[in-house]
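Breakdown of the fold
So you can see what is in the structure, the chains are spelled out below.
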Amino acid sequence: MKWSRYLLVSAIVFYVLYDIVSTLAAYNFLGSFEYEKSFLIKAAYDVAGVPGFITLKIVMSAAAISAAYLLMEHYTRLRAFGAGILGGATVAGFFVGTSNFNILLNGSSIWILGLDSGTIAAIIIVVSAGAGLLMSRPEPARVAR
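Just so it is clear, the model here is predicted, and its values are computed rather than measured.

Cut-off values and rules
- Residues numbered from 1 in each chain as written.
- Predicted model: local features only at pLDDT ≥ 70, side-chain atom pairs only at ≥ 80, totals over all residues.
- Heavy atoms only, no water.
- Helix = DSSP H or I, 4+ residues; strand = E, 2+ residues; numbered from the N terminus.
- Expected span 1.5 Å × (residues − 1).
- Buried < 20%, exposed > 50% of the residue type's maximum accessible area, 1.4 Å probe, protein only.
- Arc of directions from axis to C-beta.
- Contact = heavy atoms within 4.5 Å.
- Polar contact = N/O pair within 3.5 Å; in protein donor to acceptor, adjacent residues only side chain to side chain.
- Salt bridge = Lys/Arg side-chain N within 4 Å of Asp/Glu carboxyl O.
- Patch = residues over 30% accessible without salt bridge, like charges linked within 9 Å, V, L, I, M, F, W, Y side chains within 5 Å.
- Areas by Shrake-Rupley, 256 points an atom, 1.4 Å probe, with all protein chains shown as cover.
- Phe/Tyr/Trp six-rings, centres within 6.5 Å; stacked < 30°, edge-to-face > 60°.
- Lys NZ or Arg CZ within 6 Å of the ring centre and 35° of its normal.

**Examining helix H4 (residues 117-135)**
The terminal C-alpha atoms of H4, which comprises 19 residues, lie 27 Å apart, in line with the 27 Å expected from a rise of 1.5 Å per residue. Considered for burial, the residues of H4 that qualify are Ser117, Ile120, Ala121, Ile125, Ala129 and Gly132. The arc that holds every buried residue of H4, seen down its axis, measures 165 degrees, which confines them to one face. Of the exposed residues in H4, those oriented more than 90 degrees away from the buried face are Val126, Val127 and Leu134. Its buried side turned inward, H4 meets helix H1 (3-30) and helix H3 (79-106). Its side-chain oxygen placed 2.9 Å from the backbone nitrogen of Gly118, Asp116 serves as the N-cap of H4.

**Some words on the environment of Asn106**
Here Asn106 shows up in helix H3. A distance of 2.6 Å separates polar atoms of two side chains, one belonging to Asn106 and the other to Asn102.

**Re the pattern of salt bridges**
A full pass over the atoms with the stated rule returns 2 salt bridges. For Lys2, the salt bridge goes to Glu73, with nearest N and O atoms at 2.9 Å. With a gap of 71 residues between them, Lys2 in the segment before H1 and Glu73 in helix H2 (residues 39-74) connect regions that are remote in the sequence.

**Some thoughts on a nonpolar patch on the surface**
A cluster of nonpolar side chains, namely Ile112, Leu113, Leu115, Ile123 and Val127, defines an oily patch on the protein surface of about 480 Å² accessible area. For Ile123, the location among the structural elements is in helix H4.

**What about H2?**
Over its 36 residues, H2 runs only 33 Å from end to end, short of the ideal 52 Å by more than 12%, given 1.5 Å per residue. The set of residues buried in H2 consists of Ile41, Ala44, Gly49, Gly52, Phe53, Lys57, Ser61, Ile65, Ala68, Tyr69, Leu71 and Met72.

**Digging into the packing of aromatic side chains**
Applying the stated criterion to the full structure yields 5 aromatic pairs. Arranged with centres 6.0 Å apart and planes meeting at 85 degrees, the rings of Phe14 and Tyr18 form a pair that is edge-to-face. One end of the pair, Phe14, and the other, Tyr18, are both in helix H1, 4 residues apart, so they sit about a helical turn from each other. Phe14 gets classed as partly exposed once you look at its relative accessible area, which sits at 26%. When the centroid spacing of 5.4 Å and the interplanar angle of 65 degrees are considered together, the rings of Tyr27 and Tyr45 count as edge-to-face. In this pair, Tyr27 sits in helix H1 while Tyr45 sits in helix H2, placing the two residues 18 residues apart along the sequence. The ring of Tyr15 has Lys57 sitting right over it, with the charged end atom 4.1 Å from the ring centre.

Here it is, written out as structure tokens:
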């Protein structure tokens with residue numbers, strides 16, 4: 001199996017599944033989605049309840065993760081950029097999911113330097129994607145014969 005597929009699977013497991021399960025656990029504990037920072041997630045929940053939240057999370061995440069994976073598979077120059085996005089999504093998903101479970105254990109999500117877990121997750125993804133973009137290298141020039 002190619003390493004790009006491992007990154008794809010890890011992003012799906014942590015950024016999508018672990019986040020959904022942990023968000024639902026926090027929701028059951030708190031009885032509300034008020035702690036959720038994303039206005040889209042809140043709106044989906046307000047309109048369609050938990051199924052709306054799950055559907056929106058899966059659709060948005062699948063689009064972003066699929067785009068990153070396709071960059072890795074089809075554009076050699078952007079392979080590291082796609083890997084940065086998928087790696088960042090994996091780490092961010094793990095962090096946000098753990099922060100959501102921290103609500104059950106300690107009554108609060110994880111805050112670092114005054115930043116909530118959603119903001120930290122966004123920073124993780126942007127920094128990882130930026131690092132991947134910096135590591136991208138141009139394709140070698142083709143010699144005409």
